[in-house]
Amino acid sequence: MPDMIPDPETYFRGFIPPRDALLTELEQEAGQEHIPIVGPVVGEFLYILAKAMNCKAILELGTATAYSTIYLARGISDPGGMLTTIERDEAMAVRARENISKAGFADRVELRVGEVAEVLETLEGPYDLIFMDIEKEDYQKALSGCHSLLRLGGLLVVDNVAFLGAREFNQTIFTDNHWRCVHLYSLLPNHSPEKDGLTLAVRIE
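Procedures and definitions
Residues numbered from 1 in each chain as written. Predicted model: local features only at pLDDT ≥ 70, side-chain atom pairs only at ≥ 80, totals over all residues. Heavy atoms only, no water. Axes fitted to C-alpha atoms, helices over the stretch in contact; angles between N-to-C directions. Helix = DSSP H or I, 4+ residues; strand = E, 2+ residues; numbered from the N terminus. Parallel < 35°, antiparallel > 145°, perpendicular 65-115°, else oblique. Left-handed = near helix turned anticlockwise from the far one by under 90°. Contact = heavy atoms within 4.5 Å. Nonpolar A, V, L, I, M, F, W, Y, C, P; charged D, E, K, R; others polar. Phe/Tyr/Trp six-rings, centres within 6.5 Å; stacked < 30°, edge-to-face > 60°. Buried < 20%, exposed > 50% of the residue type's maximum accessible area, 1.4 Å probe, protein only. Lys NZ or Arg CZ within 6 Å of the ring centre and 35° of its normal. Salt bridge = Lys/Arg side-chain N within 4 Å of Asp/Glu carboxyl O. Patch = residues over 30% accessible without salt bridge, like charges linked within 9 Å, V, L, I, M, F, W, Y side chains within 5 Å. Areas by Shrake-Rupley, 256 points an atom, 1.4 Å probe, with all protein chains shown as cover. Lys, Arg positive; Asp, Glu negative; His and termini not counted. Polar contact = N/O pair within 3.5 Å; in protein donor to acceptor, adjacent residues only side chain to side chain.

**A short note on the packing of helix 2 (residues 21–33) against helix 4 (residues 67–74)**
As a packed pair, helix 2 and helix 4 sit with axes 10 Å apart at the nearest point and diverge in direction by 155 degrees. In terms of their interaxial angle, helix 2 and helix 4 are classed as roughly antiparallel. Between helix 2 and helix 4 lies a crossing of left-handed hand. Of helix 4, the residues touching helix 2 (which contributes L22, L23, L26 and E27) are Y67, I70, Y71 and R74. The residue makeup of the contact of helix 2 with helix 4, split by class, is six nonpolar, no polar and two charged.

**Structural notes on the packing of aromatic side chains**
For any pair of aromatic rings, geometry is given as the distance between the ring centres together with the angle between the planes. Enumeration according to the criterion identifies five aromatic pairs in this entry. The interplanar angle of 70 degrees and the centroid separation of 5.1 Å between the aromatic rings of Y11 and F15 together place this pair among those described as edge-to-face. Judged by its relative accessible area of 36%, Y11 is partly exposed. Pairwise contacts between aromatic rings join Y11, F12 and F15 into one cluster. Above the plane of the ring of F163 lies K136, whose end atom (NZ or CZ) is 5.8 Å from the centre.

**Quick look at the pattern of salt bridges**
Tallying each qualifying case throughout the model produces 16 salt bridges. E194 is the salt-bridge partner of R13, the closest N and O atoms lying 2.8 Å from each other. Of this pair, R13 sits in the loop between helix 1 (8–12) and helix 2 while E194 sits in the loop between strand 6 (179–187) and strand 7 (195–203), placing them 181 residues apart in sequence. Beyond isolated ion pairs, a larger network of salt bridges with shared partners links E9, R13, E194 and K195.

**So, a nonpolar patch on the surface**
On the surface, a nonpolar cluster with roughly 400 Å² of combined accessible area is contributed by I5, Y11, F12 and F15. Within the fold, F15 resides in the loop between helix 1 and helix 2.

**Let's talk about the side chain of D196**
On the secondary structure map, D196 appears in strand 7. One buried charged side chain, D196, makes no salt bridge at all; its nearest oppositely charged neighbour is K136, positioned 7.0 Å away. Among the polar contacts made by the side chain of D196, one reaches the side chain of N160 at a distance of 2.5 Å. Residue contacts for D196: discarding those within four places in its chain leaves D159, N160, V161, A162, F163, L184, Y185, S186, L188 and H191.

Listed below in structure tokens is the structure:
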């Protein structure tokens, strides 16, 4: 068996993707105000997924300051593509709208304010990709809405599945024959927290 890279955590921290001034500013704000964000590694991962899938319609559950929103919006290649994002906190939504505008996506991102379960009922879809990053105890409640809104073959990406509150969700989606999923526990530099889980699930029924 070939030798592994020694001290892999330090090694892979050397591959944190570069960011522009806006994303760096949002990272600094998040650190100062203890706002959980996905960080540049997961952000780049979301961008790559959106780009590789040629996404035209993306739904995000949990906007915060729009850090992940910006990565997802940048992954939409189609000039007519749209991203819908949901944030329940009014004050945070105000900040998110400002950052979305700074990023040049005011015409490509629709921000809805309200409780996720309630807003999901007002959406039509279908979406190519859904990114879920809300209160972990609400993952289970949002799953049926995600299934209804995601197209067949569409991708659901879920953050923070190593949190205790996501345990029921993890088991449910793993055994649900409407989905084919994988749970990944990873080192995610500059993520909150850096060692956490991600779930990738394709809607197959």
